[in-house]
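Descriptive structure summary
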Amino acid sequence: MFPLTRTLSRRDVVLILIGALTMHFFTVVVPLGSRFSVVPGSHQLNDKPTVNKHLPQDNGDINTLLVPILPESTGESEGQGTTFRNMIFSSLSSLPETSIVEHVPGWTLFRDIYMANGTLLILTSSPASFPDSRYMTSTGLQAENTPESIALREPTLWNMDIVSPEDALQRWGNHPSTRRVWSVEGNTLLFNDPPQFLNHYYHFCAELMLGMWSIWTGAVYPEPPPPIHRAIFPHSSSEGWRDGPGFNGYFLRAAFPSLTAEVDIDWNDRVVATSKGIESGVHRAWHFPYLLLADRSAAFRGKLCGLQNQRTASESVDDLVARSRLDKRGSWWRSIKYAVWRFAGVTTDGDGDSFWSHALDENPPAGFEETEKIVITYLSRQSSRRRLIPKDHEDLVESLESLVQRKNAEITTGEKEWELNVVKAEEMAIDDQVRLAARTTILLGVHGNGLSHLILMPRTNVSAVIEIFYPGGFAHDYEWTTRALGMKHFGVWNDTYFTEGTTPPVYYPQGFQGSSIPAYGPNVADIIEKRIAGGLQ
Ligand SMILES: *[C@@H]1O[C@H](CO)[C@@H](O)[C@H](O)[C@H]1NC(C)=O
Ligand SMILES: *[C@@H]1O[C@H](CO)[C@@H](O)[C@H](O)[C@H]1NC(C)=O
Ligand SMILES: *[C@@H]1O[C@H](CO)[C@@H](O)[C@H](O)[C@H]1NC(C)=O
């Protein structure tokens, strides 16, 4: 057990008892997308319950606590609108109780949550209606796969706590004119992860951003996603969330040009501001009208991520797809993808009506996207540690070249031309990498970060990612992500392959990270040819 570093008050004891009872909680799922009041079931698709399967319910009525959509979200703040007075004294005249808009392990969208001294405070008169905090948060410490590290990441009451409406009034002031609660207006993302998983293109863009956007859009479905005003990285410095090649900064700015990022020292300002006065009895708190809390360790406590695929975004994507709040073809991701394409200068092919010219649409069209050509992009890792046997690399390139040559020789009118790109991503400008990904039909490479570009591929009727592993080896990173975006994944073990339905268990054999990975070129060329022809569906 983790140590509780303070003596237990009566409230704490009650809280622990409540914790023990949380096997019997029900959730209050509030549709963020409902501007209207109580219209039972109106936000549901196919009459599937919006009830979270991870949260056993003993109360079937989830529509008891409907709230209006953003941005009328700050409770009854003093005077409506942004008057000068309101901007300075942005304190609350009432203390709205906390509710949950959407929740899966590791991803929780709160309405009206509070923070003091670094502790997220759920203000409620019915604590039992909230999920166990270990499915929402953690200590945010560096993660190692050891029992000690796992135990150290279990949340304590310093990470998340409950405050009753009576306690809240007592702490922060009974009277609106002197109450010490300040609203951090707008919509906030709180990424509770250590830099370990932030300063990496895959984990940041293909996992954190993807998971965030899935819950953000799924929670409000079928309304368009509301704006996001800020992202807070409480455990990271400003360098901590940026990756070496610079994708994370590029991606965040391309997709969310107005978003403000706060890091550890900014968060600490808020922490200190609310803790300093406590000893002299002056409690203060911050109020977040809407806050999406993302926590990697909490996601790993979920069944999908923890037991099946180790993908934190899977808790959100797969659950929301199962509840018909996201489509399983990944169309919900298009608004982000198109924003990044536009930023990179991806151009339309003439008439201005190609699939991605809908980039500014609030609801991009579903269905397949089309490209002008069949484009095969082989991301060579021959300058990195994990790479192919040099001869196999050369033979692979030769197999691909002869495939493309043969196909282009066979072309009849109306058929698409084929194109092969053999590239070292690290030698290309980011813009060029994005532009290439945006026209790639088949993305091919040895298991590695470069394959993260799959999140920027168009989803055509034959799109696929081909990932070469050391024979016997497998990890879900790109496999799950490819499928989540409605595309086909093939894993290659030299002269064999596997795909959905035949994927092996996760395994990192000797040689997985090495420089002698075999790949039989004709096998890879054969997969590509069959896939483009409409086989291997
Ligand atoms: C603030 O939180 C820390 C733990 O994060 C705790 O050690 C400290 O005692 C708290 N301060 C007050 C005044 O409660
Ligand atoms: C890979 O497959 C080819 C073709 O079957 C075979 O000749 C070669 O020996 C294999 N390489 C390894 C390392 O198994
Ligand atoms: C994919 O769509 C194109 C038209 O956009 C069509 O020509 C092609 O036959 C389709 N391929 C498969 C395998 O369905």
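As a reminder, the structure under discussion sits directly above these lines.
Report follows, based on the coordinates. Computed from a predicted structure; not experimentally measured.

Applying the stated criterion to the full structure yields 19 aromatic pairs. An angle of 20° between the planes, with centres 4.2 Å apart, marks the rings of Y201 and F247 as stacked. Residue Y201 is found in helix α5 (residues 201-220), and its partner F247 is found in helix α6 (residues 247-255); the two are separated by 46 residues along the sequence. Comparing Y201 with F247 shows no difference in burial state: the two are buried. On the basis of an interplanar angle of 40° and a centroid distance of 5.3 Å, the ring pair of Y338 and W341 is categorised as tilted.

The buried count for strand β12 (residues 442-446) comes to five of five residues, which makes it a mostly enclosed element. The pairing of strand β10 (residues 374-379) with β12 spans four bridges and is parallel. Residue pairing across strands places L379 opposite G445, the latter belonging to β12. Taken together, the five bridges between β12 and strand β13 (residues 464-468) define a ladder with parallel strand orientation. Bridging from a neighbouring strand, L444 pairs with I466 of β13.

Another point: the sheet that holds β13. The strand order across the open sheet formed by six strands is β11-β10-β12-β13-β14-β15, and the pairing between neighbours is mixed. The strands lining the two open edges of the sheet, one partner per strand, are β11 (418-423) and β15 (496-499). Averaged over all pairs of adjacent strands, the angle between their axes in this sheet comes to 20°, without regard to strand direction. In terms of strand pairing, β10 meets β11 through six bridges, oriented parallel. Looking at the pairing, V375 lines up with E419 of β11. Sitting on the sheet, helix α15 (residues 521-533) is in contact with β10, β11, β12, β13, β14 (488-493) and β15, with an inclination near 160° to β14.

Where burial is concerned, most of strand β6 (residues 187-191) is hidden: five out of the five residues are buried. Pairing of β6 with strand β9 (residues 285-294), which is carried by five bridges, proceeds in the parallel orientation. Each bridged residue has a counterpart across the sheet, and for N187 the counterpart in β9 is Y290. Regarding the hand of the β-α-β motif, the stretch spanning β6, α5 and strand β7 (residues 230-232) is right-handed.

Parameters and conventions
Residues numbered from 1 in each chain as written. Chains lettered and ligands numbered in written order. Predicted model: local features only at pLDDT ≥ 70, side-chain atom pairs only at ≥ 80, totals over all residues. Heavy atoms only, no water. Phe/Tyr/Trp six-rings, centres within 6.5 Å; stacked < 30°, edge-to-face > 60°. Helix = DSSP H or I, 4+ residues; strand = E, 2+ residues; numbered from the N terminus. Buried < 20%, exposed > 50% of the residue type's maximum accessible area, 1.4 Å probe, protein only. Pairing = 2+ DSSP bridges. Axes fitted to C-alpha atoms, helices over the stretch in contact; angles between N-to-C directions. Contact = heavy atoms within 4.5 Å. Right-handed = clockwise from strand over helix to strand, strands pointing away.

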